[in-house]
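The primary structure of each chain is shown beneath.
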Amino acid sequence: MSLDPATATVDELTGVDVFDDHTRPEVVAWMEPVDAAARRWLSEQPSEPWFRRELTSLLSEDAVLAVLAFGEHRYELRRPSGEAQASVFVVTGAGSERLIDASLLSPDGSVAITSIQLNPSGTVLVWSTIVGGADWATVHFLDLTTREALPEVLTGLKATTLAWTGTGTCAYLQFPAPPAGQELLAPNGGTSIRLHTLTTPQDEDQVLLSRDTATWMFPRAFDGGRRLVVEEAVGIAPARIHVRDPDSGAWSTVIDGEGPTTVVGLHGDELLVATSVEAPDGAVEAVCLATGVRRTVVPEASTPLEANDTRLVGSRLFTVRHGLEESALESHDLPGGTTTRVEMPTGAFITSVEETIPGDHRMLVHIQLPLGPQAVLVHDAESGTTTELLRWGSETTVPVVTELVWATSADGTRVPLRIFRQASTTADGSAAVLLLTYGGYGQHFLASGYQPWQRAWVEAGGVLALAGIRGGGELGSHWHLSATTPHKQRGVDDLVACASWFSEHGWCGPRGVVTNGMSNGGLMVAAAMTQRPDLFAGVVPEVAVLDLLRFHLFTAGHGWVQEFGDLEIPEQRADLEQCSPLHSLRDGEAYPATLLLTADRDDRVPPGPHSYAFFERLRHAQGGDDPVLLRVSRDAGHFTGRSLSEQIDERTAVLTFAASSLGFQPTPTRPTSPEESA
């Protein structure tokens, strides 16, 4: 088999790409020296030791992934300092005890615990694992009284939240098993909602609802488990809501084809839903199950509603709205209609809101301070008090200046851009700018895009920027929809405008920006690079969607058609052809330095048809002197489940590459200890 680019990359209309199955021995044999060359190049860069040392310190700190509260017991999915993966702990007045030790699950840290949950009585802990970062998950059950594992596990899951219809029964979403050997590539579909009874084999589970074409269905249980509600997605947006009669078991559809519409809870005989169908910034409506009559409970406001964090606690409804510089949590009294703002730390973004147990009036609010600590707050819905339960992560070692500015896109649209820098870093033309973005699926990147590793860039003396380009949710659902099919190009234009802002305002010269994005963000940075190669010093697309003419052929990709476009519709196909990075490369063009990051078990955006094909095409098209590199994480997936050592290695690669592309050497901001120098 030849891996010459003439045969390695599929024709844009038809054909088979030899890179598609990246697990084939000949493709692995091609990949290994390519990956080794990238790792060797990165290890030789002068900034690599400094970033590795700083990131080892930052990322090795304690990290809490999830918290559950039940009475006086607290359950944590926590990665203690320096450990490879997160383990499960129970915390009581007597102290902390490790319930499930992740280090015993695999010797190399490739098995990760990704979620925890309790049954309604608090007697069973549910925990899920993934292997090598793939999305396929296995659900396990632990009897908290005996500390013994229940005999069964659930497989075929990609969404692991269970809907408890009783203390010992739960509904879940199952995908059919893919063909043997195609677990990382075969299209997903034909999903079903099944009912499981604890201590019984999974093959005895009852099918409650099934669909031939739907990719995602999410079960929710209310009224003590008697009322089962299912959100069915069109693409990835919940658009149909089905309710199961608790007596007959018959299903009725209360909302059909309107999306996104997310189930919040059941209040009397009304189903509460968060929707942006006719309210671009989001509202909460009540749907009478008996008559279908709808009324507005919480009207649209001036900042976007986070539908997934809208919670009903007793007779109070809590909503989260994300601004561009902080989040707001509000409490709404359903009988009286009064609204009260819950005080949150200044500048904090809310990353999730979780209920405790049925009948409890407390809820857990997870917050993130950009480039700073994270915390879990406990809010009491009855008293209105809020207290801090947990805090982890450290403060920056230097004062950080934060600015919100606006870039102007090609069509005149103003695009929000959030900048972080040291006070001593000024617009003198020499700033080292790292520009991050996502720009898809309505995700509010300026609220959710902060990670601990980003601190190292600012503490090194660089400028960090987050671009809230169209396609995201920074300014509501219209901001998202304005850059979906057939207008994906608008998001690319926005990113170009954000990158140009820095040279236009004197922060750097031409090619003075490195841009980085993951998944859909990787698509955006790669598309901007192919269209404006003169603008960037370097580009880092991570686990990126890079072939927009064949994305729908693999795993969950067919669910992205509503976001990217339908190849069968001429106007949408034209937009896809314009934005597809793989099909926009031109032979002989001087492209900026490029580092492609992917993973060998990414079953969401498989590396073969995307990163591998793009790398091979780009390195043969490159007409300049800048490097084109491909780094492949082993036993890793789209993002979740990476071991601590791989997180350090991968983030070191990003910052080292960015520094090298910009000719930037970190400026230390704290003394180096003798141990770190060794």
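Predicted, not measured: the structure shown is a model, and the values here were computed from it.

**Some words on the overall build of the chain**
Each helix and strand in the chain was counted, giving 13 helices and 37 strands. Taking 678 residues into account, the globule formula puts the C-alpha radius of gyration at 26 Å, and the chain, at 25 Å, falls close to it. Its C-alpha atoms give the chain principal-axis dimensions of roughly 70 × 55 × 55 Å. Within the chain, the proportion of its 678 residues that are buried is 58%.

**Side note on the nonpolar core**
Core analysis: the biggest nonpolar cluster contains 64 residues, and Leu417, Leu435 and Phe502 have the highest contact counts within it. With eight residues, helix H7 (residues 489-504) is the largest single contributor of residues to this core. With residues up to four places along the chain from it excluded, the contact list for Phe502 reads Leu417, Ile419, Val433, Val463, Ala465, Trp507, Cys508 and Val513.

**Some words on the pattern of salt bridges**
In the structure shown here, the tally under the stated rule is 41 salt bridges. For the salt bridge of Asp20 with Arg550, the shortest nitrogen-to-oxygen distance reads 2.7 Å. Taken together, the positions of Asp20 in the loop between helix H1 (5-8) and helix H2 (25-43) and Arg550 in the loop between strand S35 (538-542) and helix H9 (561-564) put the pair 530 residues apart, joining distant regions of the chain. For Asp20, a relative accessible area of 12% gives the class buried. Judged by its relative accessible area of 8%, Arg550 falls in the buried class. Ionic pairing is found between Arg78 and Glu76, a salt bridge with its closest N-O pair at 2.7 Å. Given the relative accessible area of 15%, Arg78 is considered buried. Classification of Glu76 by relative accessible area gives buried; the value is 2%.

**Quick look at the sheet that holds strand S25 (residues 339-342)**
The strand order across the open sheet built from four strands is S22-S23-S24-S25, with neighbouring strands paired in antiparallel fashion. In this open sheet, the two strands that pair with only one neighbour each are strand S22 (311-313) and S25. In this sheet, neighbouring strand axes are inclined to one another by 30 degrees on average, regardless of whether the strands run parallel or antiparallel. Where strand S24 (residues 327-333) and S25 come together, four bridges link them in antiparallel fashion. Within S25, the position partnered with Leu329 by the bridge is Val342.

**Structural notes on the packing of aromatic side chains**
Taken as a whole and judged by the stated rule, the model has 18 aromatic pairs. On the basis of an interplanar angle of 65 degrees and a centroid distance of 6.1 Å, the ring pair of Trp30 and Phe615 is categorised as edge-to-face. Taken together, the residues Trp30 in helix H2 and Phe615 in helix H11 (residues 608-621) connect sequence positions 585 residues apart. Comparing Trp30 with Phe615 shows no difference in burial state: the two are buried. Of the aromatic side chains, those joined through ring pairs into one cluster are Phe19, Trp30, Tyr612 and Phe615. Over the face of the ring belonging to Phe89 we find Arg78, whose NZ or CZ atom lies 4.0 Å from the ring centre. It is Arg651 that lies over the ring of Trp453; its NZ or CZ is 5.0 Å from the centre.

**Quick look at H2**
Between its first and last C-alpha atoms H2 spans 27 Å; for 19 residues at 1.5 Å apiece the expected length is 27 Å, and the two agree. Considering only its buried residues, H2 is in contact with helix H3 (48-59), H11, strand S37 (628-633) and helix H12 (644-662).

**Quick word on H11**
Across its 14 residues, H11 extends 18 Å between first and last C-alpha, which sits within 8% of the 20 Å expected from 1.5 Å per residue. Where burial is concerned, most of H11 is hidden: 11 out of the 14 residues are buried. All of the buried residues along H11 are Gly608, Pro609, His610, Ser611, Tyr612, Ala613, Phe614, Phe615, Glu616, Leu618 and Ala621.

**As for the sheet that holds strand S4 (residues 95-100)**
The four strands are arranged S1-S2-S3-S4 in an open sheet whose pairing can be described as antiparallel. Two strands bound the open sheet, and with one partner strand each, they are strand S1 (63-70) and S4. Across this sheet, the average inter-strand angle for adjacent strands is 25 degrees, counted without regard to direction. Strand direction decides the pairing type here: strand S2 (residues 73-79) and strand S3 (residues 87-92), joined by five bridges, are antiparallel. Looking across to S3, one finds that Arg78 is bridged to Ser87.

**Digging into the pairing of strand S14 (residues 217-222)**
Here S14 runs beside strand S15 (residues 227-234); their pairing, made up of six bridges, is antiparallel. Bridge pairing links Met217 to Glu232 in S15. Counting the residues in the hairpin turn of S14 and S15 gives four residues, including Asp223, whose phi is positive at 55 degrees.

**Quick word on the side chain of Arg642**
Of note, Arg642 is situated in the loop between S37 and H12. Since its relative accessible area comes to 7%, Arg642 is described here as buried. Side-chain polar atoms of Arg642 contact the backbone oxygen of Gly637, separated by 2.9 Å. Once residues lying within four places of it in the same chain are set aside, the contact partners of Arg642 are Ala84, Gln85, Val543, Ala599, Ser633, Ala636, Gly637, Gln647 and Glu650.

**Looking at the confidence of the model for the chain**
Considering every residue of the chain, the mean pLDDT works out to 92; 95% of them sit at 70 or more. Contacts from residues 1-16, a stretch scored under 50 in pLDDT, to residues over four places away or in other chains number 33 contacts. In the predicted structure, residues 673-678 sits below a pLDDT of 50 and forms four contacts with residues beyond four places in sequence or in another chain.

**Remarks on the side chain of Arg79**
One can find Arg79 in strand S2. There is no salt bridge for the buried Arg79, and the closest opposite charge comes from Asp62, which lies 6.4 Å off by N-O distance. Of note is the side chain of Arg79, whose polar atom sits 2.6 Å from the backbone oxygen of Leu59. Within the local environment of Arg79, its side chain forms a polar contact with the backbone oxygen of Glu61, the two atoms lying 3.2 Å apart. In contact with Arg79, other than residues within four places in its own chain, are Leu59, Ser60, Glu61, Asp62, Ala63, Ala84, Gln85, Ala86 and Leu644.

**Side note on the packing of H3 against H12**
The geometry of H3 relative to H12 is characterised by a closest axis approach of 9 Å and an angle of 140 degrees between their N-to-C directions. The pairing of H3 with H12 is recorded here as oblique in orientation. For the pair H3 and H12, the sense of crossing is right-handed. Taking contact as the criterion, the partners of Glu48, Phe51, Arg52, Leu55, Thr56 and Leu59 in H3 are, on H12, Leu644, Gln647, Ile648, Asp649, Arg651, Thr652, Leu655, Thr656 and Ala659. Looking at the contact of H3 with H12 residue by residue, the class counts come to seven nonpolar, four polar and four charged.

Reading the values: rules and limits
Residues numbered from 1 in each chain as written. Predicted model: local features only at pLDDT ≥ 70, side-chain atom pairs only at ≥ 80, totals over all residues. Heavy atoms only, no water. Helix = DSSP H or I, 4+ residues; strand = E, 2+ residues; numbered from the N terminus. Rg over C-alpha atoms; globule rule 2.2 N^0.38 Å. Buried < 20%, exposed > 50% of the residue type's maximum accessible area, 1.4 Å probe, protein only. Core = buried A, V, L, I, M, F, W, Y, C linked by side-chain atoms within 4.5 Å. Contact = heavy atoms within 4.5 Å. Salt bridge = Lys/Arg side-chain N within 4 Å of Asp/Glu carboxyl O. Pairing = 2+ DSSP bridges. Axes fitted to C-alpha atoms, helices over the stretch in contact; angles between N-to-C directions. Phe/Tyr/Trp six-rings, centres within 6.5 Å; stacked < 30°, edge-to-face > 60°. Lys NZ or Arg CZ within 6 Å of the ring centre and 35° of its normal. Expected span 1.5 Å × (residues − 1). Polar contact = N/O pair within 3.5 Å; in protein donor to acceptor, adjacent residues only side chain to side chain. pLDDT = per-residue confidence, 0-100. Lys, Arg positive; Asp, Glu negative; His and termini not counted. Parallel < 35°, antiparallel > 145°, perpendicular 65-115°, else oblique. Left-handed = near helix turned anticlockwise from the far one by under 90°. Nonpolar A, V, L, I, M, F, W, Y, C, P; charged D, E, K, R; others polar.

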